[in-house]
Structure formats: C-alpha cells, structure tokens
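The primary structure of each chain is shown beneath.
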Amino acid sequence: MLLVKRIAFYITGKCIKLAVLLIAVSILSFILVSHSPIDPVQSYIGADITRVSPEQRDNIAEYWGLNEPPIQQFLNWGKHLLQGDMGTSLIYRSPVAEVIAERFLASLALMSVAWVLSGLFGYVLGMTAGMKEGTWVDKLIKGYCFTLASTPAFWLGLLLLMLFSVWLGWLPIGLGSPAGILEEDVTFMERLRHLILPAVTLSIVGVANIALHTRQKLVDVMNSDYVRFAKAKGEHGLKLLWRHGLRNISLPAISVHFASFGELFGGAVLAEQVFSYPGLGQAVVEAGLGGDVPLLLGIVLCSTVFVFIGNLAADILYKVVDPRIRRGEI
Amino acid sequence: MMRHQMLKVSLRQRTLAAITISVLLLLGMVLSGLWIGDEKLGINPAEMNEGPSLNHLFGTDWLGRDMLARTFKGLTLSLGVGILAAFSSTMIALVLSLFASWSEAIDRIVTWLIDLFLSVPHIVLLLLISFAMGGGFKGVVIGLALTHWPSLTRVLRAEMLQVKTAEYVGVSKKLGKSRLWIARNHILPHLMPQLLIGFILLFPHAILHEASITFLGFGLPSEQPAIGIILSESMRYLSTGMWWLAVFPGLSLLLMVALFDILGQSLRKWIDPFHGQKGV
C-alpha cells in the first residue's frame, strides 16, 4: 500500500515538473523568437516580396495576428497548443503536428539504431579498458575516446560520406530514400541502406561518453574490498567480471546512456544535415533558416519532452530498480 | 619509496611539459593565423582545384584560394569566438554560484535554472538564440555565452557548498562578518582554481559548437573563412573527389580542440592536489 502511494507521489511529482518545464521553455523560447529581427511575412513570401503590396502584407500580418502585442500572441499560441493545435508550418504549408510526427518517426529510427549501437560498443570498450587498466589496450581505448570527444560530429560524417559513398561507392550519398521513386515504392532495404551512414556517424560519436564512464566504474569496482576478497579466493578473468563486475556497472551505464538523449538529438541534427536525411533535425534547421516560427517552437517543445523522457528513464533506473535505493526513500 | 618519489616527480614534469607544449602549439596556430594577410586569402584562378602539394600543403579550392591559409585564419576566428564565449560563460557561472551561496531559496532558483538550460538539446538552444539575434557573429557569441555555463555552475556550486560548511566560515559568521565579506574572502579564493580550469575546459565545447552552428548556416557570415563555413562549402565538392577541402580543415579543428582539452586536464592535474596525486 505504501509502495503504491509512493509511486503515485513520484508520478505526480514528475508530471508537475514536466508541466512547469514545458511552460518555462515555451515562455523562454517565445520571448527569444519574438525578438528576432527576421520578418515572418517576408520569409513566408520569399523572393516575391517586391510584387506584394504593403496592404497585402498588412493583411497577412493581420491574418496571423502579428499586429497584436507579443503577450497576446503568446496567449493565443498557448491556447491553441493546449487544444492540440500547434499552428501551421510556413515552409511545409501543413499543420506543425503532422510535420513533426512524420519527421520524428524518421529521426527516431536513426537515433534508436545509433543509441543501441553506441551503447553496446561503448559498454564493451569500457569494460575491456577497465579490466585491462593501465595496459596498452586501456591506453588505446582511452586515447580513442578522448580523440572522439574532440571530433566534430559533422566532419566525421563528411569523412564517412567521402569514404563509403564517393570513393568506394558502397552506400548512397544522402536522403532518406532513393531520388525519383515514389514514396510508397521504396523498399525497406533501400531505407535501411540510407540509414546506415548517418546512424554509424551518430553512434561513433556517442561511444566515447559511455565507454569512459563504464571504464571508470569498473576500475572503482575492481579496487573494492569485495573484489579483492574474490581475487584472494582465486577468482579471476571473465568469471570475476561476470559475478562481481557486471551487475554493479550495468545499471549506471544504462542510466548514463539514457541521460545522453540531449547530445543524441544534437548529433542527429548535424548528421541529418550532412546526409540530407529527412528527419526532425533537418526540419529544425530549415525552420530556423526560413523563419518558420510555429515549426521552430513546436520542435523545441518536442525535443524538450524527448530529453525529459531520457532523464526520467535514467532516474527511474537509478531510483526504482536498484534494490539498495528502493529500500530507502525514493 | 624511492621509486614512488621518482614517479611523482616525473608525472609533475610530464604535466608541465604537456602544458608548455600545448600552449606553444596553440600560440603558433593563432600567431600564424594573425600573420596571414588578406593577400594570402585572395582568389587565384591560375591554381584552381589543386590537390595538396608543397606549394599548397592543404591544397586549393575552386577559386584557387590556399586552404592552409584559410584553415589557420578560421582557427584564429574560432579561438576569438571561443575566448569571448568561454569568458562570459565563466563569469555567469561565477556570479550564479556566488548568488547560490546567499540563501536556500536563491540556491533553489539557480539549480532550477541549471536544469532548465540542460533540458533543451544544446544545439537546438543555440539555434533558437541565434535565430533571435538574427544570426551572424553576434548571434553565435551570445548563444555560446548563454548556454555553456550550466555544467560549470554545477561544479562551482558543489564546491561552494563544501566551503560554506567549513568551520572557518562558521567562525567568520559568528564574528559578525557579512555574507558579502565571506563570499569575497572565503568562497571566491577557493573557487579560483576550478574557475581557471573550467574556463580552459569550456573552450573545446565552445569551439566545437561554434563550428557546428556555423556549419548549419546560423553562425558566422559566409564570407568569413570559419571552419564551419569551409566544411559546409566543401560538401558541394565532395562528389567530385576533392577530399582535401574537408579532411585538413576538420583535422586542424580536431587538433586545436584536443590541445585545449589536454591543456585543461594537465592544468587540473597541476593545480588541483586531489586529482594531481593519481596519474591518469
């Protein structure tokens, strides 16, 4: 009974936190956007601006409610948002919610593949380095991770593009599906082929963090008293790792990996731009460059929720699954 | 005992050597970037699309501009932006962590602000601020300055909380010293090493983010030879096999970022006695 109450309390608390966070983020980003010198009417009309009379411009501004004070605009936007209407995207000329849903699906495929890959590789690399602490294997892996941390993600994407698409010609140069083929005719394999390079770019970048963290945790565990005792009993190698190491480092590693959703999203923005992959990251860049305020705000909120979910998962793993913490207070 | 001592001395010397070498290399990069005049960056139709050679170590681009000169100019530009951004971010972090020492309520506000800024993906936030400023140099610098303080503030705040519970602070309080006096004479000196290291370690992030945001088209104007601009322009020529347009500028950027990282880590080892004991 107490546990149910505690869980209910936890969920309510997190919901309130998310609500406050979303309100704060929307106020902050609305203030930023409304200060922008970029004129939405002009970016909407584009090059034809000279052929549009001032009266017509005023009409468009009136229609969008641009003549009202910013606070009124914010309240209007917020009211519609609460009803599920995120406005209409100026560059895609369709509802923002639809654009985001479609784009997010493509990004999600990319990000989840990269997330799983980088998690696995990072974990294995980190464990190898931690087990062999101080040897040349450890130094090699550490050097690799530190180099990766200084590598611009988009440059890595460019290198892979040059190597595999231009030079070797194994993989397509970009886009989410082959050009000149109808959307419904694209096979799953084709989509997969287009996904490989961006996903690999994203996962190579994501490896460093998780590997270094796992390594440090394992080094700490290996220096603990219970491992010293186990070693004294004669356990060694993989068996020692299996019995005493894995359980202690798995959970923190997964939590850290969940908490990296923000960097994952940032990496996806860059990778999608390099490979012209039609995901949310590319949409946010286009929205920013094209002055598409509704889409920009929508994606900011969407990415905030995405990061929040990652942090929530990390928090739950830490606080609820770990039996030592579960016994205490949540 | 003897061996232990030798190891310690050599670690210290190694650290100092790492600091000296990275500072010298960085200085070399910046000075050569400053020394390169406009005539080196000019268009030269006689030497278009040339691969790397002794005359042009990094090759030339489709307008015959020397990529080596452009790259170094771009690195200097990145460094300038990095200094501005890292300095302002460090100042924001310092002010906020000193504010947080004032009272419980303010501490809670500062923590909430940190969480707020970390809850939006960094690139998206940079994009938003750059959009609000209308892009360009100003947008990048303000964006970088306003988004790099949270992690450093967290470190400084933790440090500050430790000092606040120290006995000598309690004694000062009992003696009737004001909170401002305590902040200036007890907390600030204690934060100084962390502040310096934090400042240096902000550089890699700031420079990488500057390049990324410029690459996406929000940052420095396209007539500047910034690394982000160079790399985004090189994308159009990749399919023609001009690999040198992307490889060398990116590699130089990587080198610069790595040098700053090494400098920061070594400084920490050198200054901070708690991390300095163990040779990482």
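Residues numbered from 1 in each chain as written. Chains lettered and ligands numbered in written order. Predicted model: local features only at pLDDT ≥ 70, side-chain atom pairs only at ≥ 80, totals over all residues.

(A) Representation of the overall build of chain A. From N to C terminus, chain A includes 14 helices and zero strands. Helices (α) and strands (β) of chain A occur, in sequence order from the N terminus, as α-α-α-α-α-α-α-α-α-α-α-α-α-α. Going through the 330 residues of chain A one by one, you find that 36% of them count as buried. The long-range fraction of contacts in chain A, counting pairs at least 24 apart against all pairs at least 6 apart in sequence, stands at 72%. (Helix = DSSP H or I, 4+ residues; strand = E, 2+ residues; numbered from the N terminus. Buried ≥ 20, exposed ≤ 12 C-beta atoms within 10 Å, placed from the backbone. Contact = placed C-beta atoms within 7 Å.)

(B) Local environment of the overall build of chain B. If you tally the helices and strands in chain B, you get 12 helices and zero strands. Along chain B, from the amino end to the carboxyl end, the secondary structure elements read α-α-α-α-α-α-α-α-α-α-α-α. The buried share of chain B, taken over its 280 residues, is 45%. Within chain B, contacts between residues separated by at least 24 positions form 68% of all contacts whose residues are at least 6 apart in sequence.

(C) Summary view of helix α3 (residues 67–100) of chain B. The terminal C-alpha atoms of α3 of chain B lie 48 Å apart, and with 34 residues this matches the ideal 50 Å at 1.5 Å per residue to within 8%. Of all 34 residues making up α3 of chain B, 25 are buried, and the element is well covered by its neighbours. (Expected span 1.5 Å × (residues − 1).)

(D) Structural detail: the UniProt feature "transmembrane region" (unreviewed entry) in chain B. Residue and element names in this part refer to chain B. Listed under "transmembrane region" (unreviewed entry) in the UniProt record, and renumbered for this structure, are residues 77–100, 112–133, 187–208 and 242–263. Within residues 77–100, the helical portion is 100% and the strand portion 0%, while the C-alpha atoms at the span's ends are 35 Å from each other. Span residues 242–263 is 91% helix and 0% strand, its end C-alpha atoms 33 Å apart. (UniProt positions renumbered as here; feature names shortened; annotations may be inferred.)

(E) Highlighting the UniProt feature "domain: ABC transmembrane type-1" (unreviewed entry) in chain B. This chain's UniProt record puts "domain: ABC transmembrane type-1" (unreviewed entry) on residues 75–264 of chain B. Note that residues 75–264 of chain B is 81% helix and 0% strand, and that its end C-alpha atoms are spaced 18 Å apart.

(F) Highlighting unusual backbone geometry. All names here are of chain A. The phi angle at Ser276 is positive, at roughly 45 degrees, despite the residue not being glycine. Among the structural elements, Ser276 can be located in the loop between α11 (261–275) and α12 (280–290). We classify Ser276 as partly exposed; it has 15 C-beta atoms within 10 Å.

(G) View of the nonpolar core. In terms of nonpolar packing, the biggest core is built from 141 residues, with Ala211, Val284, Leu296, Ile299 and Val300 of chain A together with Leu127 and Leu128 of chain B touching the most fellow members. A total of 15 residues in this core trace back to one element, the largest contributor, which is α3 of chain B. Once residues within four sequence positions are removed from consideration, Leu128 of chain B is found in contact with Ser29, Leu32 and Val300 of chain A. (Core = buried A, V, L, I, M, F, W, Y, C linked by C-beta atoms within 7 Å.)

(H) Region of the structure containing helix α10 (residues 237–258) of chain A. Along α10 of chain A, the sharpest kink reaches roughly 55 degrees, centred on Gly245 of chain A. Residues Gly245, Ile249, Ala253, Ser255, Val256, His257 and Phe258 of chain A constitute the buried set of α10 of chain A. (Bend = angle between axes of the 7 residues up to and from the residue.)

(I) Here's a closer look at the packing of α3 of chain B against helix α6 (residues 136–147) of chain B. Residue and element names in this part refer to chain B. Taken N-terminus to C-terminus, the directions of α3 and α6 make an angle of 35 degrees; their axes are 7 Å apart at the nearest point. Along this stretch, α3 crosses α6, giving a crossing that reads as right-handed. Where α3 abuts α6, its residues Val81, Leu84, Ala85, Ser88 and Ser89 lie against Val140, Val141, Leu144 and Ala145. Tallied by class, the residues present in the contact of α3 with α6 amount to seven nonpolar, two polar and no charged. (Axes fitted to C-alpha atoms, helices over the stretch in contact; angles between N-to-C directions. Left-handed = near helix turned anticlockwise from the far one by under 90°. Nonpolar A, V, L, I, M, F, W, Y, C, P; charged D, E, K, R; others polar.)

(J) Here's a closer look at the packing of α3 of chain B against helix α4 (residues 104–118) of chain B. Residue and element names in this part refer to chain B. Two elements in contact, α3 and α4, have axes whose closest approach is 7 Å; the angle formed by their N-to-C orientations is 145 degrees. Across the interface between the two elements, Leu96, Phe99 and Ala100 from α3 touch Ile106, Asp107 and Val110 from α4. Considered class by class, the residues forming the contact of α3 with α4 number five nonpolar, no polar and one charged.

(K) How the structure looks around the environment of Pro225 of chain B. Residue and element names in this part refer to chain B. Tracing the chain through its elements places Pro225 in the loop between α9 (179–215) and α10 (227–234). Linking Pro225 and Lys164, residues 61 residues apart in sequence, is a C-alpha distance of 48 Å. Setting aside anything within four residues of it in sequence, one finds Pro225 in contact with Leu41, Arg70, Lys73, Gly74 and Ile230.

(L) Up close: the confidence of the model for chain B. Residues and elements named next belong to chain B. Put simply, chain B has an average pLDDT of 82, and 89% of its residues get 70 or more. Across chain B, element-level confidence peaks in α4 with a mean pLDDT of 90 and bottoms out in helix α12 (residues 273–276) with 57. If you check the scores for this complex, the pTM reads 0.84 and the ipTM reads 0.83. (pLDDT = per-residue confidence, 0-100.)

(M) Summary view of the environment of Phe137 of chain B. Its place among the elements puts Phe137 of chain B in helix α6. Between the C-alpha atom of Phe137 of chain B and that of Ala69 of chain B, which follows or precedes it by 68 residues, the distance is 21 Å.

(N) Spatial organisation of the environment of Thr151 of chain A. Structurally, the position occupied by Thr151 of chain A is in the loop between α6 (136–149) and α7 (153–167). For the pair formed by Thr151 of chain A and Leu212 of chain A, sequence separation is 61 residues and the distance between their alpha carbons is 16 Å. Residue contacts for Thr151 of chain A: discarding those within four places in its chain leaves Leu156 of chain A together with Leu254 of chain B.

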